[in-house]
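Reading the structure
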Amino acid sequence: MERALALPAPAKLNLFLHVLGRRADGYHELQSAFALIDLCDLIDIESRADGELRRSGDLVSGEAEDLPLRAARLLRQHADGHLGADIRVTKRIPVGAGLGGGSSDAATTLLALNRIWATRLDRDRLCDIALELGADIPFFIRGFNAFAEGRGERLSPLAVQPAHYALVWPQVHVSTQEIFADRGLTRNTKAMKMSDFSAAADLGSRESAGDREFAGGGLIAQSLASFGANDLEAVVRRRYPVVTEVIEHLARFGPARMTGSGSAAFAVVNDEATARAAVTELPSQWRGWAVKGLSEHPLAPW
């Protein structure tokens with residue numbers, strides 16, 4: 001295998017995000033539910049015989065900070081140091097929106113190069129490498145919806161009901177570091193058990209006539225309406241009032257919440273038609289998508 005084209009790197013939603021406290025290492029202790037959605041960046045990777053690593057396509061930061069390129073360099077330390085690759089990323093996931101796009105790009109790059117370079121590292125080892133780059137990259141490598149703890153790296157599989165979501169981004173870039181440093185951030189939310197969240201959402205699978213039902217989105221909607229919160233949301237809404245406008249718009253269609261550190265927000269809706277209605281005729285500076293939840297990462301079989 002010398003190349004892999006149009007590989008998906010899906011976004012994720014935080015169905016809730018609790019900040020339990022600040023750790024001795026300066027990071028925060030978190031709990032969250034990560035849910036994959038079908039909004040994806042696309043990555044093309046082709047091996048090079050000259051040992052160079054080249055990055056093209058949509059570049060949202062300098063090469064020194066670019067996560068796919070940094071991931072490739074780290075993986076190469078565990079393979080033949082003379083291996084190279086062309087890495088092209090086509091961005092659809094907005095940057096600074098709380099959707100994990102950069103982390104997902106890095107994860108797909110690691111999964112692809114592990115095959116192309118025949119490194120043959122298992123997912124545990126790939127996750128160890130990924131954790132050097134970011135706490136949520138292992139989630140995308142594991143490939144399953146998850147209850148996350150620690151910095152977001154301790155993952156337990158979570159059977160999330162398939163659902164439709166309306167997703168809106170006001171094209172505001174939010175710095176995660178600044179939000180976590182805000183003195184007004186709540187840092188003492190009580191820890192919960194995964195079973196508490198699962199019971200609240202009645203998470204699990206449903207089948208009807210052989211097809212997966214999206215009625216399960218109603219169960220997730222009930223959970224969002226009555227259980228958990230995003231502890232970062234109040235800080236972001238204070239700093240960026242437009243996020244409040246987005247959430248109020250989405251709340252007309254279903255329970256709405258900010259994802260990650262923002263600025264994107266989502267609503268759980270009953271069907272695709274409702275999701276599309278929620279993202280049409282938005283203000284010109286906003287962008288919206290009607291998306292579906294994924295039961296697993298598209299590259300999970302790898």
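Up top is the structure these notes are about.
Right, let's walk through the structure included here. (Residues numbered from 1 in each chain as written. Predicted model: local features only at pLDDT ≥ 70, side-chain atom pairs only at ≥ 80, totals over all residues. Heavy atoms only, no water.)

Things to note about the overall build of the chain
On a plain count of helices and strands, the chain comes out with ten helices and twelve strands. For the chain, the C-alpha radius of gyration of 19 Å lies close to 19 Å, the compact-globule estimate for 302 residues. Its C-alpha atoms give the chain principal-axis dimensions of roughly 55 × 50 × 40 Å. When the accessible surface of the chain is split by element, carbon and sulfur atoms take 45% of a total near 13,100 Å². (Helix = DSSP H or I, 4+ residues; strand = E, 2+ residues; numbered from the N terminus. Rg over C-alpha atoms; globule rule 2.2 N^0.38 Å. Areas by Shrake-Rupley, 256 points an atom, 1.4 Å probe, with all protein chains shown as cover.)

Points about the pattern of salt bridges
In this structure the tally under the stated criterion is 16 salt bridges. In this structure, D66 engages R55 in a salt bridge whose closest nitrogen and oxygen atoms are separated by 2.8 Å. With D66 in the loop between β3 (53–57) and α1 (67–76) and R55 in strand β3, the pair connects residues that are eleven residues apart, well separated along the chain. Assessed through its relative accessible area of 3%, D66 is described here as buried. With its nearest N and O atoms 3.2 Å apart, the salt bridge here joins D105 to K91. Linking D105 in helix α2 (residues 101–116) with K91 in the loop between β4 (84–90) and α2, this pair joins segments that are 14 residues apart in sequence. Residues D105 and K91 agree in their burial class; the two are buried. Overlapping salt bridges bring together R23, D25, E29 and R154 as one network. (Salt bridge = Lys/Arg side-chain N within 4 Å of Asp/Glu carboxyl O. Buried < 20%, exposed > 50% of the residue type's maximum accessible area, 1.4 Å probe, protein only.)

A short note on the packing of α1 against α2
It is the contact of α1 with α2, at a shortest axis distance of 8 Å, that shows an interaxial angle of 35°. When you trace α1 past α2, the crossing you get is right-handed. Of the residues in α2, those in contact with L67, P68, A71, A72 and L75 of α1 are G102, S103, D105, A106, T109, L110, L113 and N114. Partitioned by chemical class, the residues of the contact of α1 with α2 number eight nonpolar, four polar and one charged. (Axes fitted to C-alpha atoms, helices over the stretch in contact; angles between N-to-C directions. Left-handed = near helix turned anticlockwise from the far one by under 90°. Contact = heavy atoms within 4.5 Å. Nonpolar A, V, L, I, M, F, W, Y, C, P; charged D, E, K, R; others polar.)

Notes on the packing of α2 against helix α3 (residues 123–131)
Closest axis-to-axis distance for the α2/α3 pair is 11 Å, and the angle between their directions is 130°. Between α2 and α3, the interaxial angle falls into the category oblique. Classified by chirality, the crossing of α3 by α2 is right-handed. Two secondary-structure elements touch here, α2 through L110, L111 and N114 and α3 through R123, L126, I129 and A130. Taken together, the residues of the contact of α2 with α3 sort by class into five nonpolar, one polar and one charged. (Parallel < 35°, antiparallel > 145°, perpendicular 65-115°, else oblique.)

Digging into the packing of aromatic side chains
Under the criterion given, the structure shown has four aromatic pairs. Where F16 meets F147, the ring centres are 6.1 Å apart and the plane angle is 50°; that geometry is what we call tilted. With F16 in strand β1 (residues 3–22) and F147 in strand β5 (residues 146–150), this residue pair connects regions lying 131 residues apart in the sequence. When the ring of Y165 is compared with that of F266, the centres are 5.9 Å apart and the planes differ by 80°; the resulting orientation is edge-to-face. Residue Y165 is located in strand β7 (residues 164–169), and its partner F266 is located in strand β11 (residues 265–269); the two are separated by 101 residues in the primary sequence. (Phe/Tyr/Trp six-rings, centres within 6.5 Å; stacked < 30°, edge-to-face > 60°.)

Brief notes about α3
Three or more residues of α3 are buried, namely R123, L126, C127, I129 and A130. In an axial view of α3, the angular spread of the buried residues amounts to 160°, which keeps them on one side of the axis. Packing partners of the buried residues in α3 comprise α1, α2 and α4 (137–142). (Arc of directions from axis to C-beta.)

Everything listed is a geometric property; what it means functionally is a separate question.
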